[in-house]
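Understanding the architecture of this molecule
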Amino acid sequence: MNRHLNNLMMLLRQREFCLLTLVGATVAFATAFDSAFLAFGNLRDILVRCAPTAIVACGVMLVVVTGEIDISVGSLMALLAAILGVTISTNEWAWPTWAGLLIVLTFGTAVGLLTGALVTFGRVPSIIVTLGLLTALRGISTLIMGGENIDRLPPGLESLSKVGILGVPISIWAAAVTVALTAAIISWTPLGRRLYALGSSLHSARFAGLSEHRLKLFVFAYTGFLTALATIVDVPRLPKIEAGIGVGFELLVVTCVVVGGVSIAGGRGRLAGVLLAVVLMTMIRPVLTFMDIGEAGEKWTKAIQGMFILLAVLIDSIVSRQTRRGTPP
Amino acid sequence: MTNRLVQIRDLHKSFAGVHALRDVSFDIRRGEVQALCGENGAGKSTLIKILSGVLEPDEGEILFEDRVVEFHNVHAAEATGVAALHQEATTFPDLNAVDNMFVGREITRAGGLLLDRAEMRRKTLEALERLGETINVAVPLRELPLAQRQMVGIARAVSCDCRLLIMDEPTASLSARETTILLTLVRQLRDQGVSILYVSHRLEEVFETADRVTVLRDGEHVTTQDVNTLDKEELIRLMVGRDVKQPTRRETGSSASDDPVIEVQELTCRGRFERITFTVGRGEVVGLAGLVGAGRSEVARAIFGIDHYDSGHVSIHGQTIPPGSTSAAIKAGLGLVPEDRQHEGLVLPMSVRDNVSLASLQALTRASLIDTRQERALVDAQIEQLDVRTSLIHASAATLSGGNQQKLVIGKWLACDPKALILDEPTRGVDVGAKAQVHGLIRRLVERGLATLLISSDLPELLALSDRIFVLCEGRIAGELDGATATQAQILELALPDRRVPAVT
């Protein structure tokens, strides 16, 4: 194998490089259709769409890094949205908006803590716990909403989506702060190092005196909190809260985490890869809309998302097989 | 002030009703190296885990500097001044060397909030330098060779300011050079007043390094005495409770290589090994010696078809084995007992029976179904031959001692009646009694005509069993020795790269 090919292989091994290439290709493709794709307003809209996924992916990524998984965030989001609607809608309890937001944040964190407690103290595998919660939380939210949409949301909530700081929508700010905080935890704090250590080897972590319980409680609680945050920034975009909110969201998040290069076995993965995967997955629908193919665009979104997932996994497998040959493991 | 740093009083510990430790009492003095000896299952690891806060005793107490201490966790033990290097790998494969050194006891700034990465890096390099290692501290540990990973674990243990350092088989995967450096460091620490509790199956190290030795047998304390008052045979007798013969020279067969079984010609894999040529005859043991990293296991893996190679030729019984074809190698009658038996040799959660029959399933299959009666007969025969208790047949392989696990891996290959067997470090981490049994097994097999390629860092073992010995150095064959006349010194001389002489102490 010549040197150039080798270097290319090394580059391809970096998941971030692959994803960046795919994102770049997609942008180029859309721009070729219509240069208005690159307009400031459009790019901002795409980022706004990315925000909730990016926020929750920060939490789920840390869960996966410790070797666990959380597939309940979609239903949690639905429950939290229902709670928000019931507390502040003028048709219902009509509490002040800030009180509703506070309750949502507290409740989200509490559910996360409960998940973590079931996993660590209950010794139930997280895939089972969150699979149960996926159904249970969806059920509770259906009970609360009675199968109907909640409307008559106070104007204070809607303005949340309109206000911006320095011209940037609040949801993007929330995502940026979450990303910065998560990045800081990962690279600068003992906590982050211990999360990776725990996922890398549970056995060694015990010998190093790390508290498995506390670390896992943290990642699930963090995910719960971030799901609440994502709910708060996402709900105000729409005039009402729909019964089907958050359906499939948990799989989108887990997909982004895995496509972003986080090892499902724990211990490995970078935030940058996850964020690029979020952008790639979210971009597909706006791009299809831009191609102006009407109904068909909607229908193709999932198929193309699926194709990207398989592509990312396939490249990874081929490249790692190529580079493993002839070099020491 | 007494001279006693630690007093262990009447320790009891049992797991599910089975005694691991019974009434164990002894002292550790300040600034001594105390060896802890005993067969696998004697209770050494349990004792060490209690001393380092991983386990809590059922009864009994530990006095540290005449005060009773209770270690509920590792942190409590470390805070008191007890650090441990455990036998099982306790490193993190996905973290780099710096993070491995400090995870759980990070150096922080900004009031404990942020990592002080520069300081941690500096201290890591310093600790590794003391061990004479230059390691790339930026890459994840899984990208480093096994020995370097082990050195990082050692660096972690010795870098904390401890009063008692417990080392459980620290040299198990180290080369001769690294072992020498480590033992020098152990003596340095002792001279600085640190007490060291040292566990090793390599009795040479015990006599070379320890001041006193404590022997455990079946969970009970046998003796603690000056090492000078013992000799090797006596120590082994205390450990085993009966006389065990040291490996004696095997009667070597006649012109064995007239009937070559394994033939390796000009085998080359760039960056790993080059132009490896040798044959192993019927009823012959060929030893493969060399330092850790010299390419011994890599050659074995290439012959067996696990790894690819660039050029060369391998044949078994005149039958060419295509590169990378493990199934062709097995079909031609070759077996491999790998170095890492837990991961590569056994399927730990599966039962003893399922492990033994795993490589023979094809022969046991009738109409796509496993003939369980025939399987049972095969496994029973193997278990008996291997001297493993038959009551264990349905137990999972994970519950077996290291010695029994190793016998199981060998048994797996014997079950499919191989013509040739590669043994990679067959007695590493195996206690004295089981080691003798494994040696006996190898002898019996060779007498029946099995061609054996033996890789071992245990030079007395290699010399006792091999007809011929090839010494590898940096991926090349540095020389061939006659097993009957070769000496340890000759092997080491060939194994060391030019002008690199081991640090003599």
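This structure is a prediction, so every number in the text was calculated from the model and none was measured.

In this section: empty space enclosed by the protein. In this structure the tally under the stated criterion is 2 cavities of 30 Å³ or more. Reported here for the largest cavity is a volume of approximately 220 Å³. A:F207, B:E78, B:A84, B:H86 and B:R156 are, among the 19 residues lining the largest cavity, the residues nearest its centre. Examining the composition of the lining of the largest cavity, we find that 4 residues originate from one element, strand β6 (residues 82-85) of chain B, more than from any other. Here the residues of the lining of the largest cavity sort into 10 nonpolar, 6 polar and 3 charged. A volume near 40 Å³ is recorded for the second largest cavity. In terms of lining residues, the second largest cavity is bounded by A:R15, A:C18, A:L19, A:L22, A:A312 and A:I315. Listed by contribution, the elements that provide at least two residues to the lining of the second largest cavity are α2 (15-33) and α14 (295-324) of chain A. It is α2(A) that contributes the most residues to the lining of the second largest cavity, 4 residues altogether. Considering only residue class, the lining of the second largest cavity consists of 5 nonpolar, no polar and 1 charged.

Turning our eyes to something else, we now look at the interface of chain A and chain B. Between chain A and chain B, the contact holds 26 residues from the first and 30 residues from the second. Among the residues chain A hides against chain B, the three largest losses belong to A:W188, A:R193 and A:F207. Together they make up 28% of the total. On the surface where chain A and chain B come into contact, there are 3 salt bridges. For the salt bridge of B:D94 with A:R268, the shortest nitrogen-to-oxygen distance reads 3.0 Å. Here chain A is connected to chain B by 8 residue pairs in polar contact (both at pLDDT 80 or more).

All names here are of chain B. Within the open sheet, the 6 strands sit side by side as β18-β21-β22-β15-β23-β24. Their pairing is mixed. Each edge of the open sheet carries a strand with a single partner, namely β18 (334-337) and β24 (476-482). The mean angle between the axes of side-by-side strands here comes to 20°, regardless of whether they run parallel or antiparallel. Note: strand β15 (residues 285-289) against strand β23 (residues 468-473), 4 bridges, orientation parallel. Its bridge partner lying in β23, L288 is registered against F470. Each of β15, β23 and β24 is contacted by helix α18 (residues 488-495), which is oriented at about 30° to β23, the strand it contacts most.

Once that is clear, we can look at a nonpolar patch on the surface. All names here are of chain A. A cluster of nonpolar side chains, namely W93, W95, I103 and F107, defines an oily patch on the protein surface of about 400 Å² accessible area. As for its position among the elements, W95 is in the loop between α4 (73-88) and α5 (97-120). Taking relative accessible area as the criterion, W95 reaches 37% and is therefore assigned partly exposed.

All names here are of chain A. Applying the stated criterion across every chain yields a total of 5 aromatic pairs over all chains. Residues F29 and F33 carry aromatic rings whose centres are separated by 5.4 Å and whose planes lie at 65° to one another, so their mutual orientation is edge-to-face. Residue F29 and its partner F33 are both found in helix α2; the two are separated by 4 residues, about one turn of the helix. For F33, a relative accessible area of 47% corresponds to the partly exposed category. A ring pair is formed by W93 and W95, whose centres lie 5.5 Å apart and whose planes are at 45°; its orientation type is tilted.

Conventions we followed
Residues numbered from 1 in each chain as written. Chains lettered and ligands numbered in written order. Predicted model: local features only at pLDDT ≥ 70, side-chain atom pairs only at ≥ 80, totals over all residues. Heavy atoms only, no water. 1 Å grid on protein atoms, 1.4 Å probe; cavity = no way out; pocket = protein on both sides within 12 Å on 5 of 7 lines; lining within 4 Å. Points joined across faces, edges and corners; volume = space filled by probe spheres on them. Helix = DSSP H or I, 4+ residues; strand = E, 2+ residues; numbered from the N terminus. Nonpolar A, V, L, I, M, F, W, Y, C, P; charged D, E, K, R; others polar. Contact = heavy atoms within 4.5 Å. Buried area = accessible area lost by both parts, 1.4 Å probe. Salt bridge = Lys/Arg side-chain N within 4 Å of Asp/Glu carboxyl O. Polar contact = N/O pair within 3.5 Å; in protein donor to acceptor, adjacent residues only side chain to side chain. Pairing = 2+ DSSP bridges. Axes fitted to C-alpha atoms, helices over the stretch in contact; angles between N-to-C directions. Patch = residues over 30% accessible without salt bridge, like charges linked within 9 Å, V, L, I, M, F, W, Y side chains within 5 Å. Areas by Shrake-Rupley, 256 points an atom, 1.4 Å probe, with all protein chains shown as cover. Buried < 20%, exposed > 50% of the residue type's maximum accessible area, 1.4 Å probe, protein only. Phe/Tyr/Trp six-rings, centres within 6.5 Å; stacked < 30°, edge-to-face > 60°.

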